[in-house]
Amino acid sequence: MRDAFVRVLTEEMERNDRIALITGDLGFGVLRPLWERFPERMINAGIAEQGMVSMAAGLAATGRTVIVYSIGNFPTLRPLEQIRNDCAYHGADVKIVCVGGGFVYGSLGMSHHATEDMSVMRAIPEITCFTPGDPAETEAVTREMLRRRGTCYLRLGRGNEPKVHVSEVKNWVFPKALTLREGTDIALLSAGGILTQAMDAAQRLEAKGISAKVISFACLKPLDGETVREVLAGFRGLVTVEENTVTGGFGSAVCEIAAEEGSGCRVRRVGLRDCFATVVGDQQYLRQTYEMDGAAIAAAAEALMNEK
């Protein structure tokens with residue numbers, strides 16, 4: 001996902017000389033082609049995320065589109081006040097990019113886990129939040145993000161994630177959710193790089209004779225409420241999947257619509273419960289430990305279907 005983002009960003013920077021990027025003293029390997037092509041539009045702000053975001057807001061005030069690039073929760077939680085007051089409040093054309101959403105940096109401990117960012121960024125007014133599920137979706141939403149004025153948040157995985165879509169996501173209509181698999185018994189709604197686990201869960205359910213529909217929400221805010229309402233009307237149960245706390249995140253957004261609609265569809269949220277992930281390990285190990293992998297998602301869906 002990271003490489004797909006950089007590839008699209010490089011193309012867009014070639015077309016538009018008003019795009020600039022600020023990094024928090026990291027990413028030099030993957031960003032090297034950008035440093036070499038556009039050295040005058042690349043800034044290393046150092047490990048100073050609050051200043052980095054304020055700097056981006058200032059540059060945006062001169063008519064530039066500014067990318068703020070860092071890992072884990074560092075570009076969101078540490079400079080949250082600057083994102084809210086300097087960027088979103090003023091409609092600054094600043095794009096906050098998180099590389100390593102969820103448990104990507106799991107072996108570095110909870111300080112590097114980005115497991116509250118979806119909830120926090122979604123709560124701030126005037127911010128568009130993108131949560132692509134694979135490299136194909138990343139390319140589509142990056143292009144859309146760079147075309148849109150105003151403050152945006154883009155949550156990515158790291159690198160070498162598998163491509164879930166069999167082809168490019170062409171002519172994506174913002175903020176439309178993307179159906180990857182049709183099903184008739186239950187729906188799995190996913191946001192972010194955990195999409196691979198939702199697809200794995202669908203395959204596990206299929207082996208048990210359960211037909212699961214899988215939908216990826218590449219945009220968290222604004223949420224594609226029309227698709228959510230269609231699922232609520234067409235299924236008795238749905239499961240939301242996110243590599244984020246279930247408090248205030250994607251699942252909460254879906255539940256808000258479900259409550260307002262008053263439908264008979266039951267909702268189960270799969271994600272990190274109200275806790276810090278104190279276990280250390282790689283991303284897949286932590287997904288399994290905190291019951292967010294394909295097996296756990298399938299079990300949640302099966303349990304929901306068995307409820308009277």
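Residues numbered from 1 in each chain as written. Predicted model: local features only at pLDDT ≥ 70, side-chain atom pairs only at ≥ 80, totals over all residues. Heavy atoms only, no water.

(A) Here's a closer look at the overall build of the protein. For the protein, the helix and strand inventory stands at 11 helices and 12 strands. For a compact globule of 308 residues, the expected C-alpha radius of gyration is about 19 Å, and the protein comes in at 19 Å, within 12% of that figure. Dimensions of the protein, computed from the C-alpha atoms along their principal axes, are close to 60 × 40 × 35 Å. Among the 308 residues that make up the protein, the fraction classed as buried is 57%. Restricting the contact set of the protein to residue pairs at least 6 apart, pairs at least 24 apart contribute 76%. (Helix = DSSP H or I, 4+ residues; strand = E, 2+ residues; numbered from the N terminus. Rg over C-alpha atoms; globule rule 2.2 N^0.38 Å. Buried < 20%, exposed > 50% of the residue type's maximum accessible area, 1.4 Å probe, protein only. Contact = heavy atoms within 4.5 Å.)

(B) Representation of the state of the cysteines. In the structure shown here, the tally under the stated rule is zero disulfides. You can see Cys87 has no disulfide; the closest cysteine sulfur is in Cys152, sitting 11 Å from it. No disulfide involves Cys275; its nearest neighbouring cysteine sulfur is the one of Cys255, lying 18 Å away. Of the residues examined, Cys275 reaches a relative accessible area of 33% and is grouped as partly exposed. (Disulfide = S-S within 2.5 Å.)

(C) View of the side chain of Thr151. Considering the arrangement of structural elements, one finds Thr151 in the loop between α6 (135–147) and β6 (152–156). Looking at Thr151, its side chain comes within polar contact range of the main-chain oxygen of Ala92, at 2.8 Å. Contacts of Thr151, omitting those with residues within four sequence positions, involve Cys87, Ala88, Gly91, Ala92, Val94, Glu126, Ile127 and Thr128. (Polar contact = N/O pair within 3.5 Å; in protein donor to acceptor, adjacent residues only side chain to side chain.)

(D) Quick peek at the sheet that holds β6. Judged by pairing direction, the sheet is mixed, and its seven strands sit side by side in the order β2-β1-β3-β4-β6-β5-β10 without closing on themselves. Either end of the sheet is taken by a strand with one partner, and the two such strands are β2 (42–44) and β10 (219–221). Strand-to-strand, the axes of this sheet are offset by a mean angle of 20°, without reference to chain direction. Relative to the sheet, α6 contacts β3 (65–71), β4 (94–99), β5 (128–130) and β6, its axis offset from that of β6 by approximately 165°. (Pairing = 2+ DSSP bridges. Axes fitted to C-alpha atoms, helices over the stretch in contact; angles between N-to-C directions.)

(E) View of the packing of aromatic side chains. Enumeration over the complete set of coordinates arrives at seven aromatic pairs. Seen in terms of ring centroids, Phe217 and Phe250 are 5.2 Å apart; in terms of plane orientation they differ by 50°. Their pairing is tilted. Linking Phe217 in the loop between β9 (212–216) and β10 with Phe250 in helix α9 (residues 250–261), this pair joins segments that are 33 residues apart in sequence. You'll find Phe217 and Phe250 in the same group, each marked buried. An aromatic cluster of three or more residues is present, and its members are Phe130, Trp172 and Phe174. (Phe/Tyr/Trp six-rings, centres within 6.5 Å; stacked < 30°, edge-to-face > 60°.)

(F) Examining the domain arrangement of the protein more closely. When cut into domains, the protein gives domain 1 (2–156) and domain 2 (178–306). A C-alpha centroid distance of 26 Å is found between domain 1 and domain 2. With 30 residues of domain 1 at the contact, the number on the domain 2 side is 35 residues. The contact between domain 1 and domain 2 buries some 2300 Å² in all, and 56% of this surface belongs to carbon and sulfur atoms. Summed over the three residues of domain 1 that lose the most area to domain 2, namely Phe103, Met118 and Arg122, the buried surface amounts to 32% of that side. Put simply, domain 1 and domain 2 have one salt bridge between them. (Domains from an automatic or database assignment. Buried area = accessible area lost by both parts, 1.4 Å probe. Salt bridge = Lys/Arg side-chain N within 4 Å of Asp/Glu carboxyl O.)

(G) Molecular detail of the packing of helix α1 (residues 2–15) against α6. Closest axis-to-axis distance for the α1/α6 pair is 8 Å, and the angle between their directions is 35°. The way α1 lies across α6 gives a crossing that is right-handed. Of the residues in α6, those touching α1 at Ala4, Phe5, Arg7, Val8, Leu9, Glu11 and Glu12 are Pro135, Thr138, Glu139, Thr142, Arg143, Met145 and Leu146. Of the residues belonging to the contact of α1 with α6, the class tally is seven nonpolar, two polar and five charged. (Left-handed = near helix turned anticlockwise from the far one by under 90°. Nonpolar A, V, L, I, M, F, W, Y, C, P; charged D, E, K, R; others polar.)

(H) The arrangement of the layout of surface pockets in detail. In this structure, the largest pocket encloses a volume near 200 Å³. Taken together, 14 residues form the lining of the largest pocket, with Glu139, Ala140, Arg143, Val169 and Lys170 sitting closest to its centre. Ranked by the residues each element gives to the lining of the largest pocket, the list is headed by α6, at seven residues. (1 Å grid on protein atoms, 1.4 Å probe; cavity = no way out; pocket = protein on both sides within 12 Å on 5 of 7 lines; lining within 4 Å. Points joined across faces, edges and corners; volume = space filled by probe spheres on them.)

(I) Looking closely at the pairing of strand β1 (residues 19–23). In terms of burial, β1 is largely enclosed, as five of its five residues are buried. Going residue by residue along β1, you find Ile19, Leu21 and Thr23 tucked away on one face and Ala20 and Ile22 tucked away on the opposite face as well. Pairing geometry for β1 and β2, over three bridges, is parallel. Across the sheet, Thr23 pairs through a bridge with Asn44, a residue of β2. Handedness of the crossover is the feature at issue here: the chain leaves β1, passes through helix α2 (residues 28–37), returns alongside β2, and the resulting connection is right-handed. (Right-handed = clockwise from strand over helix to strand, strands pointing away.)

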